[in-house]
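Read off the chains here:
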Amino acid sequence: MPTFAAPDGTELAYRLVGAGEPLVCVPGGPMRASSYLGDLGGLARHRRLVLLDLRGTGASAVPRDRATYRCDRQVGDVEALREHLGLERVDVLAHSAGGDIAVLHAARYARRVRRLVLVTARFRALGIGFTAEHRREAAAKRRAEPWFAAGRDAFEAVLAGTASDADWDAAAPFFHGRWDAVARRHAASEAEETNDEAADLYASPEAFDPAAARAAIAGLAAPALVLAAELDGAPPPRVAARAAELFPYAESVVQPGAGHYPWLDDPARFTRTVADFLA
């Protein structure tokens, strides 16, 4: 895998998938190796995906200073990758918790961002979050699913922060629009792909200054696509739409029948939506 040096000297790795103009992809988790993104449902047929392994994940090195796992401290890593790729301006796609890094990068380096795609993204950087009730509302839509009864208590344990590994396994279907063989394989790899220590530090309160981020984003010239999923509670579509309103040039889209990983649930629709926006 190709590598580059972060501003603090940490060696970071990335994967290249597909052909065409580069699209830098920031993974979520938080702090899950970029391998879970795959080829983003075939998006690699339209763009060359530059899939960044965040520090301490995948093939990237563990930093000397663990405090740099904070999402705001990783903004410089994305900018260093842009410089390494020799791009004057860059298109960025971020998923889930990676949305905070992408938003903060756009706020700090607005002139370097050409387009921004935020997929079922978190917006803590802008002071917008989702609640346990939002997630329960989304979960309630799945009552007819055969796994619902067995996973309901486990899902509550996840919301309460008391979930065991077995609870996480039982609750996994709630995060997918279709609980099929593809989703099962995808969920099974999550634990080994995630740096738990880094995840605990990622969203430290000190990482966020929502007022400053909102002010910076208000002047962002880059178009943004905020892609939410109908069955996702993290965030639900109405919360994602609130975040989209803070961007001067934003398009808010809801993918029907999809969960937190929409490229798995309907790859063709996901790819078409993102590729059309980027084009």
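One can find the structure itself at the top, above this paragraph.
Residues numbered from 1 in each chain as written. Predicted model: local features only at pLDDT ≥ 70, side-chain atom pairs only at ≥ 80, totals over all residues. Heavy atoms only, no water.

A look at the overall build of the protein chain
When its secondary structure is counted, the protein chain shows twelve helices and eight strands. Taking 2.2 N^0.38 as the reference for a compact globule, 279 residues should give roughly 19 Å; the C-alpha atoms of the protein chain span a radius of gyration of 18 Å, in line with that estimate. With respect to the principal axes defined by its C-alpha atoms, the protein chain has extents near 50 × 40 × 40 Å. Sequence separation of 24 or more characterises 74% of the internal contacts of the protein chain that already satisfy a separation of 6 or more. For the protein chain, the accessible surface area stands at approximately 11,700 Å², while carbon and sulfur atoms represent 49% of it. Across the protein chain, the 33 positively charged side chains and the 37 negatively charged ones have centroids separated by 4 Å. (Helix = DSSP H or I, 4+ residues; strand = E, 2+ residues; numbered from the N terminus. Rg over C-alpha atoms; globule rule 2.2 N^0.38 Å. Contact = heavy atoms within 4.5 Å. Areas by Shrake-Rupley, 256 points an atom, 1.4 Å probe, with all protein chains shown as cover. Lys, Arg positive; Asp, Glu negative; His and termini not counted. Charge placed at Lys NZ, Arg CZ, Asp CG, Glu CD.)

Let's talk about the packing of aromatic side chains
For the structure shown, the criterion picks out nine aromatic pairs. Aromatic side chains Phe 148 and Phe 174 sit 5.8 Å apart centroid to centroid with 65° between the ring planes, which places their arrangement in the edge-to-face category. With a gap of 26 residues between them, Phe 148 in helix α4 (residues 148–160) and Phe 174 in the loop between α5 (165–171) and α6 (181–188) connect regions that are remote in the sequence. Across this residue pair, the class does not change: Phe 148 and Phe 174 are buried. Among the aromatic residues, those joined into a ring-pair cluster are Trp 147, Phe 148, Phe 155, Phe 174 and Phe 175. (Phe/Tyr/Trp six-rings, centres within 6.5 Å; stacked < 30°, edge-to-face > 60°. Buried < 20%, exposed > 50% of the residue type's maximum accessible area, 1.4 Å probe, protein only.)

Quick look at the pairing of strand β6 (residues 113–119)
Burial of β6 is extensive: five of the seven residues sit out of reach of the surface. Taken together, strand β5 (residues 90–95), helix α2 (residues 98–108) and β6 constitute a β-α-β crossover, and its handedness is right-handed. Bridge count between β6 and strand β7 (residues 224–229): four bridges; the pairing is parallel. When the bridges of β7 are listed, Val 117 appears paired with Leu 225. (Right-handed = clockwise from strand over helix to strand, strands pointing away. Pairing = 2+ DSSP bridges.)

Section: the packing of α2 against helix α9 (residues 210–217)
With their axes 8 Å apart at the nearest point, α2 and α9 run at an angle of 60° to one another. Classed by the angle they form, the pair α2 and α9 counts as oblique. Here α2 runs over α9; the crossing is left-handed. Taken together, the residues of α9 that come into contact with α2 (itself represented by Val 103, Leu 104, Ala 106 and Ala 107) are Ala 213, Ala 216 and Ile 217. Along the lines of polarity and charge, the residues of the contact of α2 with α9 split into seven nonpolar, no polar and no charged. (Axes fitted to C-alpha atoms, helices over the stretch in contact; angles between N-to-C directions. Parallel < 35°, antiparallel > 145°, perpendicular 65-115°, else oblique. Left-handed = near helix turned anticlockwise from the far one by under 90°. Nonpolar A, V, L, I, M, F, W, Y, C, P; charged D, E, K, R; others polar.)

Focus: helix α12 (residues 267–278)
The periodicity of an α-helix, 3.6 residues per turn, causes residues three or four places apart in sequence to face the same way. Compared with the 16 Å implied by 1.5 Å per residue over twelve residues, the 16 Å span of α12 between its first and last C-alpha is a close match. Inspection of α12 places Phe 270, Thr 271, Thr 273, Val 274, Ala 275, Phe 277 and Leu 278 among the buried residues, and these make up the whole buried set. Of the surrounding elements, those touching the buried residues of α12 are β3 (22–26), β5, β6, β7, β8 (250–255) and α11 (262–265). (Expected span 1.5 Å × (residues − 1).)

Focus: the sheet that holds strand β1 (residues 3–5)
The strand order across the open sheet formed by eight strands is β1-β2-β4-β3-β5-β6-β7-β8, and the pairing between neighbours is mixed. At either end of the open sheet lies a strand with only one pairing partner, and these are β1 and β8. Between one strand axis and the next, the sheet turns through 25° on average, direction left out of account. Note that β7 and β8 share six bridges and pair parallel. By the bridge assignment for β8, Ala 224 is matched with Ala 250. Contacting β1, β2 (11–17), β3, β4 (48–52) and β5, helix α1 (residues 75–85) runs over the sheet at an angle of about 115° to β1.

Comments concerning the nonpolar core
Nonpolar side chains in soluble globular proteins generally cluster together in the buried interior. Membership of the largest hydrophobic core comes to 50 residues, with the highest contact counts inside it found for Val 103, Leu 116, Leu 118, Phe 123 and Phe 247. Per-element tally for this core: the top contributor is α2, with five residues. The residues touching Val 103, leaving out its near neighbours within four places in the chain, are Leu 118, Phe 123, Ala 125, Leu 126, Ile 217 and Phe 247. In terms of nonpolar packing, the next biggest core, distinct from the first, is built from 32 residues, Val 117, Phe 155, Leu 264 and Ala 275 among them. (Core = buried A, V, L, I, M, F, W, Y, C linked by side-chain atoms within 4.5 Å.)

A look at the environment of Arg 272
On the secondary structure map, Arg 272 appears in helix α12. Separated by 226 residues in the primary sequence, Arg 272 and His 46 place their C-alpha atoms 9.5 Å from one another.

Let's talk about the state of the cysteines
Two cysteines whose sulfur atoms are joined by a covalent bond form what is called a disulfide. Under the defined criterion, the tally for this structure stands at zero disulfides. Cys 71 supplies the cysteine sulfur nearest to Cys 25, a cysteine that is in no disulfide, at a spacing of 18 Å. Under the relative-accessibility criterion, Cys 25 is labelled buried at 0%. You can call Cys 71 buried: its relative accessible area is 0%. (Disulfide = S-S within 2.5 Å.)

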